[in-house]
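Chains, contacts and geometry: an overview
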Amino acid sequence: AAACKTSFTSTCAGVDANQAKAVSGAFTGAWKLRGDYLELPGNPAGGQTLNYFQTSTISFKLQCTAAAEVKFKAYVIETGTGTDSLYLKNGNSFAPWHFGVTGQNWLWSGESPTFKAGAGESSVVFTGREGRVKVKKFEIVRGSSSCSFKPDACTDVGGT
C-alpha cells in the first residue's frame with residue numbers, strides 16, 4: 001500500500017478529513033459488522049453491564065495541527081427505548097453521549113461531549129453504553145479547523 005497522504009480530497013479507506021465510516025474504524029468486543037454499518041447487540045447477560053459495553057470499542061486516529069476541543073456527530077439508528085447512547089472515552093474517563101434522536105431511519109445525532117485532543121496524533125475511542133445501537137459514520141463538527149480523521153491504511157487517491 002502507498003504511504004498515507006497528509007491531505008486528500010477523496011475517501012481513503014472509508015475516511016476523509018471530517019467523516020469516517022464506522023466500519024473503517026478498529027472495532028472490538030461485541031460490535032458486529034452489518035454491511036456498511038456496525039451494530040452493538042444487546043448484552044446476552046441482560047441489563048447494562050459496563051464491562052460488556054465498555055470493552056466494545058470503535059476507535060479512530062485523529063491528526064491535529066494544534067491542541068483542540070473536538071466534538072462529533074454520529075449517523076445512527078435509535079432502535080428503541082434505552083438504545084440512544086455511546087461513551088466517548090477521554091483518558092481514563094467515559095463521558096456518556098446521548099444521541100438525542102429517535103426513529104427507525106438513519107439520522108444525525110446531537111453533538112458528543114468534548115474530546116480533548118493534543119497536537120499531533122490522538123486516538124479517539126467510542127465505547128458501547130447500551131445494546132442495539134447501530135452506527136454508520138462519525139463526523140467532526142467542532143475542532144475540524146485543527147483536527148481531522150487519519151486513515152490507518154490508504155491507497156493513493158491523488159492527495160498530497
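Up top is the structure.
So, here is what we can say about the structure in this document. (Residues numbered from 1 in each chain as written. Predicted model: local features only at pLDDT ≥ 70, side-chain atom pairs only at ≥ 80, totals over all residues. Heavy atoms only, no water.)

Thoughts on the nonpolar core
Ranked by size, the top nonpolar core spans 31 residues in total, and within it F72, F126, V135 and F138 carry the most contacts. Elements that contribute at least two residues to this core include exactly β4 (37-40), β5 (57-64), β6 (68-78), β7 (85-90), β10 (115-117), β11 (120-128), β12 (133-142) and β13 (147-150). The contacts of F126, once residues within four sequence positions are left out, are S56, T57, I58, F60, F72, L86, Y87, L88, W97 and F138. (Core = buried A, V, L, I, M, F, W, Y, C linked by side-chain atoms within 4.5 Å. Buried < 20%, exposed > 50% of the residue type's maximum accessible area, 1.4 Å probe, protein only. Helix = DSSP H or I, 4+ residues; strand = E, 2+ residues; numbered from the N terminus. Contact = heavy atoms within 4.5 Å.)

Remarks on the pattern of salt bridges
Taken as a whole and assessed by the stated rule, the structure comprises five salt bridges. One salt bridge connects K136 with D36, and the closest N-O pair in it is separated by 3.3 Å. Of this pair, K136 sits in strand β12 while D36 sits in the loop between β3 (32-34) and β4; the two residues are 100 residues apart in sequence, bridging distant segments of the chain. For D36, a relative accessible area of 44% translates into the label partly exposed. Notably, a salt bridge pairs R129 with E130, separated by 3.9 Å at the nearest N-O pair. (Salt bridge = Lys/Arg side-chain N within 4 Å of Asp/Glu carboxyl O.)

Some thoughts on the state of the cysteines
This model, assessed by the stated rule, comprises one disulfide. Covalently, C64 is tied to C147 through a disulfide, its sulfur atoms 2.0 Å apart. On the S-S bond that ties C64 to C147, the torsion sits near 115 degrees, and the link is right-handed. Here C64 is found in strand β5, whereas its partner C147 is found in strand β13, with 83 residues between them in sequence. (Disulfide = S-S within 2.5 Å.)

Structural notes on the environment of C64
Residue classification places C64 among the buried positions, given a relative accessible area of 4%. The sequence separation of C64 and G143 amounts to 79 residues, and the corresponding C-alpha distance is 9.0 Å.

Comments concerning the side chain of S122
Of note, S122 is situated in strand β11. In this structure the side chain of S122 is engaged in a polar contact, spanning 3.5 Å, whose partner is the backbone nitrogen of G118. For S122, the contacting residues outside a window of four places in its chain are F60, K61, L62, F115 and A117. (Polar contact = N/O pair within 3.5 Å; in protein donor to acceptor, adjacent residues only side chain to side chain.)

Quick word on the pairing of β11
Summarising the sheet, β5 and β11 pair through eight bridges and their orientation is antiparallel. Looking at β11, one finds that S59 is bridged to V125. (Pairing = 2+ DSSP bridges.)

Describing the side chain of T127
For T127, the location among the structural elements is in strand β11. With near-sequence residues (within four places) excluded, T127 lies in contact with F53, Q54, S56, T57, L86, Y87 and F94.

Structural notes on the packing of aromatic side chains
If you walk through the whole model with that rule in mind, you get 13 aromatic pairs. With a centroid separation of 6.5 Å and an interplanar angle of 70 degrees, the aromatic rings of F60 and F126 are classed as edge-to-face. Residue F60 is located in strand β5, and its partner F126 is located in strand β11; the two are separated by 66 residues in the primary sequence. On the basis of relative accessible area, F126 is assigned to the buried category, the value being 0%. Pairing W97 with F138 gives two aromatic rings, centres 6.5 Å apart and planes at 45 degrees, and the pair type is tilted. Here W97 is found in strand β8 (residues 93-98), whereas its partner F138 is found in strand β12, with 41 residues between them in sequence. A relative accessible area of 0% means that F138 is categorised as buried. Chaining the aromatic ring pairs together yields one cluster made of F60, F72, W97, F99, F126, F138 and F149. For the cation-ring pair, K137 lies above Y75, with the distance from its terminal atom to the ring centre recorded as 5.1 Å. (Phe/Tyr/Trp six-rings, centres within 6.5 Å; stacked < 30°, edge-to-face > 60°. Lys NZ or Arg CZ within 6 Å of the ring centre and 35° of its normal.)

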